[in-house]
Amino acid sequence: MNTAIPRNDLEGYSPSERPEIINTLEAKAGKKYKEYKNIELKMDYVELKDSLIFAGVPLSLYPNFGNIGRFHDEYKENMMNHYAPYTEVGYSGTFGNGSWDYIFGCQIRSMEDVPEGLISFDIELKRFVEITFRVKTIYELVGDDKGPGDAMVTAGEYIREIWLPEHGDEVNVVDLNNLCFEVKKGDRTYYLGMIEIYKVELQDDAEISFYIPLK
């Protein structure tokens, strides 16, 4: 059996053998959060190795964001055992039939063998702008069944009023007020809002990211 041996002398790597993940982590570590109104935030460009695929429970079947509780109660433990790193996803947008829905679930590697009751979707995109933001409490971050948290509203305001005026040519925004983006893949066109990415347990860190699809 091969065993990986840790190396602490990172500067000892030659440029050709230095792991890319080290360069990426060091670059991100240099990015500091900045304050904007009631949140702390930072912006990054993200390119995934594979397109973003997820599976989850639709809001249309469980109104008032009951789909989130349904996913956590019925599927979370099983999906955590099958997918590492485990990343939860909230997707608001259209699908193949053109209908709009909000799907809450997690990132997966393939749409094969998805548990019964979950809807899976491959948005066929790898490149995104990521806005990561954090606050002190979960409620400030995600709100409740009456609406999104103040932090989500503020993050959307930052994208709309600060980031997009300088970077609007990098995305296909079709509804500025609602931050709706258009994606065209072959003969298929669909629309989506900013994708919610939950990389941490919110009770540990009140932090999430929005992914915005790049052209």
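Procedures and definitions
Residues numbered from 1 in each chain as written. Predicted model: local features only at pLDDT ≥ 70, side-chain atom pairs only at ≥ 80, totals over all residues. Heavy atoms only, no water. Helix = DSSP H or I, 4+ residues; strand = E, 2+ residues; numbered from the N terminus. Buried < 20%, exposed > 50% of the residue type's maximum accessible area, 1.4 Å probe, protein only. Areas by Shrake-Rupley, 256 points an atom, 1.4 Å probe, with all protein chains shown as cover. Contact = heavy atoms within 4.5 Å.

Regarding its fold elements, the chain presents 5 helices and 12 strands. Looking at the chain as a whole, 42% of its 215 residues are labelled buried. When the accessible surface of the chain is totalled, it reaches about 12,700 Å², and 49% of it is carbon and sulfur.

A word on the side chain of threonine 87. Tracing the backbone shows threonine 87 in the loop between α3 (76-82) and β4 (88-94). Setting aside anything within four residues of it in sequence, one finds threonine 87 in contact with Cys106, Gln107, Ile197, Tyr198 and Lys199.

What follows is about unusual backbone geometry. Alanine 84 connects to proline 85 through a cis peptide bond whose omega is -5 degrees. Along the chain, proline 85 turns up in the loop between α3 and β4. Residue phenylalanine 65 is not a glycine yet carries a positive backbone phi of 60 degrees. With respect to the helices and strands, phenylalanine 65 occurs in the loop between β3 (53-58) and α2 (66-74). Of note, glutamate 124 is a non-glycine position whose phi angle comes to about 60 degrees, a positive value.

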